[in-house]
Amino acid sequence: MNLHEYQGKQLLNSFGVKIQRGIVADNHKKAVDAAKQLTAETGTGWWVIKAQIHAGGRGKGGGVKLAKSLAEVETISKDIIGMMLKTPQTPAEGKKVNQVLIAEDVYYPGEAEPEEYYMSVLLNRATGRNMIMYSTEGGMDIESVAEKTPHLIFTEEIDPATGILSFQARKVAFNLGLSGKAFKEMTKFVTSLYGAYIGSDASLFEINPVLKTSDDKVLAVDSKVTLDNNALFRHKNYINLRDLREENPIEVEANAVGLNYVDLDGNVGCMVNGAGLAMSTMDLIKQSGGEPANFLDVGGTADAERVEAGFRIILKDPNVKAILVNIFGGIVRCDRVAQGIVDAYTNMGDAIKVPIIVRLQGTNAKEAKELIEASGLDVISVVEFKEAADKVQEVLS
Ligand code: GDP
Ligand code: MN
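Residues numbered from 1 in each chain as written. Chains lettered and ligands numbered in written order. Predicted model: local features only at pLDDT ≥ 70, side-chain atom pairs only at ≥ 80, totals over all residues. Heavy atoms only, no water.

1. Things to note about the overall build of the protein chain
- For the protein chain, the helix and strand inventory stands at 13 helices and 18 strands.
- Counting over 397 residues, the protein chain shows a buried share of 47%.
- A fraction of 67% describes how many contacts in the protein chain between residues 6 or more apart in sequence connect residues 24 or more apart.
- Surface accessibility of the protein chain: about 18900 Å² in total, with carbon and sulfur atoms responsible for 52%.
- Taking the 43 positively charged and 53 negatively charged side chains of the protein chain as two groups, their mean positions are separated by 4 Å. (Helix = DSSP H or I, 4+ residues; strand = E, 2+ residues; numbered from the N terminus. Buried < 20%, exposed > 50% of the residue type's maximum accessible area, 1.4 Å probe, protein only. Contact = heavy atoms within 4.5 Å. Areas by Shrake-Rupley, 256 points an atom, 1.4 Å probe, with all protein chains shown as cover. Lys, Arg positive; Asp, Glu negative; His and termini not counted. Charge placed at Lys NZ, Arg CZ, Asp CG, Glu CD.)

Here it is in structure tokens:
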């Protein structure tokens, strides 16, 4: 689950990580009130107004603007709220901005230039350990730093048995070229950031920039936080951080009916029971010259109701040119699944406009094939994996 910048910052702050303070608003009146409240709390007279969408690169797209008066807070918020913000990370048409974060300007105009660093916490899958990745080259896009000047990116791996050790936090501060108060601030920042990562069961933190202010404070100016969905049951209070408006609408609908569906870019829809079989079915589609349009695991009970729900979800994607159903009848008998497919198909009438290839293997596979063939419906029934691949190739050509 991905969080908005403002939610990520609140989460970090609850673990003691210093942040640029801010208040979220969904209209320009609330934005002005937020600016006033920030001034009362922090004495700030300048603000930064930041579009809240689940995508980075907002600065470049015009989604991060400075305001030097309440009048500017109002006009800038008016402009940003409701806009379709286009950044290198959004779809081509952009993403609608529903709210803005009004934050204190921590760059203190007129004073010494602050320093921007990059810092992330993530799992190194090769070693099975979490690591802190950081760089002096913050504020800009880290991919190009990695490409052009990879020696400016450092990593620090953390032993899960000990957690982050104080010499590691000092090493980070040292490699970032800090000394004095800023050095101490950075060691605190890194230690609390790592604590937040573990404590929230996150799978990714990316703070770009981490800022060293002109008065040597170290704080998070941006946050990208991804939480591990499989650990959400341990954090009941995180559930309301989910913003369904930011998610793929077909996936949201599929999840609501209990289907494990992931939208992809291809042209062949697939409906499979079991995640492993779903993965190999996607490989099979690729080998047949197609591209999978989705991942869909219907789970153990592939009855008429679930099959129909699956068909309806798959067909919402206009790129789907064919559907491959690949079910292994272990606990569930193939003939029952076949009946489910026939019932669903019959029930859906002309909603199905693409060829459907069904491969049923396992208990009562033969009866299942007979049942589908006897139905007279426009469904291609096969038994072997290879046959399924050939049929996909055939209907696509
Ligand atoms: P992103 O573009 O989506 O990554 O959004 P960021 O939160 O990283 O903001 C983009 C850029 O805006 C930052 O790299 C900063 O240079 C700038 N910025 C953010 N907050 C402030 C602020 O308080 N004052 C000033 N002057 N610039 C800021
Ligand atoms: Mn950023």
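Now that the structure has been shown, we can carry on.
2. Some words on the sheet that holds strand β1 (residues 22–25)
- In space, the four strands of this open sheet follow the order β1-β6-β2-β3, with antiparallel pairing throughout. Either end of the sheet is taken by a strand with one partner, and the two such strands are β1 and β3 (64–67). In this sheet, neighbouring strand axes are inclined to one another by 25° on average, regardless of whether the strands run parallel or antiparallel.
- Strands β1, β2 (47–51) and β6 (100–104) of the sheet are contacted by helix α1 (residues 5–14), whose axis makes an angle of about 50° with β6.
- Sheet strands in contact with helix α2 (residues 28–42) are β1, β2 and β6, and its direction is about 20° off that of β6. (Pairing = 2+ DSSP bridges. Axes fitted to C-alpha atoms, helices over the stretch in contact; angles between N-to-C directions.)

3. Examining unusual backbone geometry
- Backbone torsion omega between N208 and P209 reads 10°, so that peptide bond is classified as cis.
- Residue position: P209 is located in strand β10 (residues 202–212).
- Positioned with a positive phi, D201 is a non-glycine residue whose angle comes to about 55°.
- Mapped onto the secondary structure, D201 falls in the loop between α7 (180–199) and β10.
- A residue is classified by how much of its surface remains accessible, and D201, at 16% relative accessible area, is buried.
- Positive phi values are uncommon outside glycine, yet N364 reaches one of about 60°.
- N364 gets classed as partly exposed once you look at its relative accessible area, which sits at 26%.

4. Some words on the domain arrangement of the protein chain
- You can read the domains of the protein chain as domain 1 (1–19 + 110–246), domain 2 (21–105) and domain 3 (249–396).
- A straight line from the C-alpha centre of domain 1 to that of domain 2 covers 22 Å.
- Each partner contributes residues to the interface: domain 1 has 13 residues there, and domain 2 has 14 residues.
- When the area that domain 1 buries against domain 2 is broken down by residue, the three leading residues are E5, Y6 and E246, summing to 47%.
- Where domain 1 meets domain 2, there are four salt bridges.
- Split into classes, the residues belonging to the side of domain 1 that touches domain 2 amount to four nonpolar, two polar and seven charged. (Domains from an automatic or database assignment. Buried area = accessible area lost by both parts, 1.4 Å probe. Salt bridge = Lys/Arg side-chain N within 4 Å of Asp/Glu carboxyl O. Nonpolar A, V, L, I, M, F, W, Y, C, P; charged D, E, K, R; others polar.)

5. A look at the coordination of the manganese ion (ligand 2)
- The coordination sphere of the manganese ion (ligand 2), as far as protein atoms go, consists of N208 (O) and D222 (OD), spread over 2.2 Å. Of this pair, N208 sits in strand β10 while D222 sits in the loop between β11 (218–220) and β12 (224–227); the two residues are 14 residues apart in sequence, bridging distant segments of the chain. Side by side, N208 and D222 carry an identical accessibility label, which is buried. (Donors = N, O, S within 2.8 Å, 3.2 Å for Na, K, Ca; no water.)

6. Quick notes on the pairing of strand β8 (residues 129–135)
- Most of β8 is tucked away, with five of its seven residues classed as buried.
- Relative to β8, strand β7 (residues 115–124) runs antiparallel, the two sharing seven bridges. Directly across from V121, in β8, lies its bridge partner I132.
- Turn length for the β7-β8 hairpin, with the two strands adjacent in sequence and antiparallel, is four residues, and the turn residue G128 shows positive phi of about 70°.
- Relative to strand β9 (residues 153–157), β8 runs antiparallel, the two sharing five bridges. The residue bridging M133 from the neighbouring strand is T155, located in β9.

7. Quick look at the packing of aromatic side chains
- Within the structure shown, the criterion is met by three aromatic pairs.
- Ring geometry for Y134 against F154: centres 5.2 Å apart, planes inclined by 20°, an arrangement best described as stacked. Placement of Y134 in strand β8 and of F154 in strand β9 is noted, with a sequence separation of 20 residues between them.
- Among the aromatic residues, those joined into a cluster by ring pairs are Y194, Y197 and F205.
- Lying across the ring of W46, K68 places its NZ or CZ 5.0 Å from the centre. (Phe/Tyr/Trp six-rings, centres within 6.5 Å; stacked < 30°, edge-to-face > 60°. Lys NZ or Arg CZ within 6 Å of the ring centre and 35° of its normal.)

8. A closer look at the site of ligand 1
- Lining the immediate environment of ligand 1, one finds 19 residues, of which K50, R58, G59, D105 and E116 sit closest.
- Contacts to ligand 1 include G59, whose backbone N or O atom sits 2.8 Å from an oxygen atom.
- At 3.1 Å, a backbone N or O of N208 approaches an oxygen atom of ligand 1.
- Taken by itself ligand 1 offers 570 Å² of open surface, and the protein chains cover 82% of this.
- Partitioned by chemical class, the residues of the shell around ligand 1 number seven nonpolar, six polar and six charged.
- Two domains share the shell around ligand 1, each providing at least three of its residues, namely domain 1 (1–19 + 110–246) and domain 2 (21–105). (Near = heavy atom within 4 Å. Polar contact = N/O pair within 3.5 Å; in protein donor to acceptor, adjacent residues only side chain to side chain.)

9. A short note on the nonpolar core
- Core analysis: the largest hydrophobic core is formed by 37 residues, its most contacted members being M119, M186, F189 and F205.
- When residues of this core are traced back to their parent elements, those giving at least two are α1, β7, β8, α6 (166–175), α7, β10, β11 and β12.
- At nine residues, the largest contribution of residues to this core is made by α7.
- Counting residues in each nonpolar core, the second largest holds 35 residues, with L296, F311, I314 and V379 among its members. (Core = buried A, V, L, I, M, F, W, Y, C linked by side-chain atoms within 4.5 Å.)

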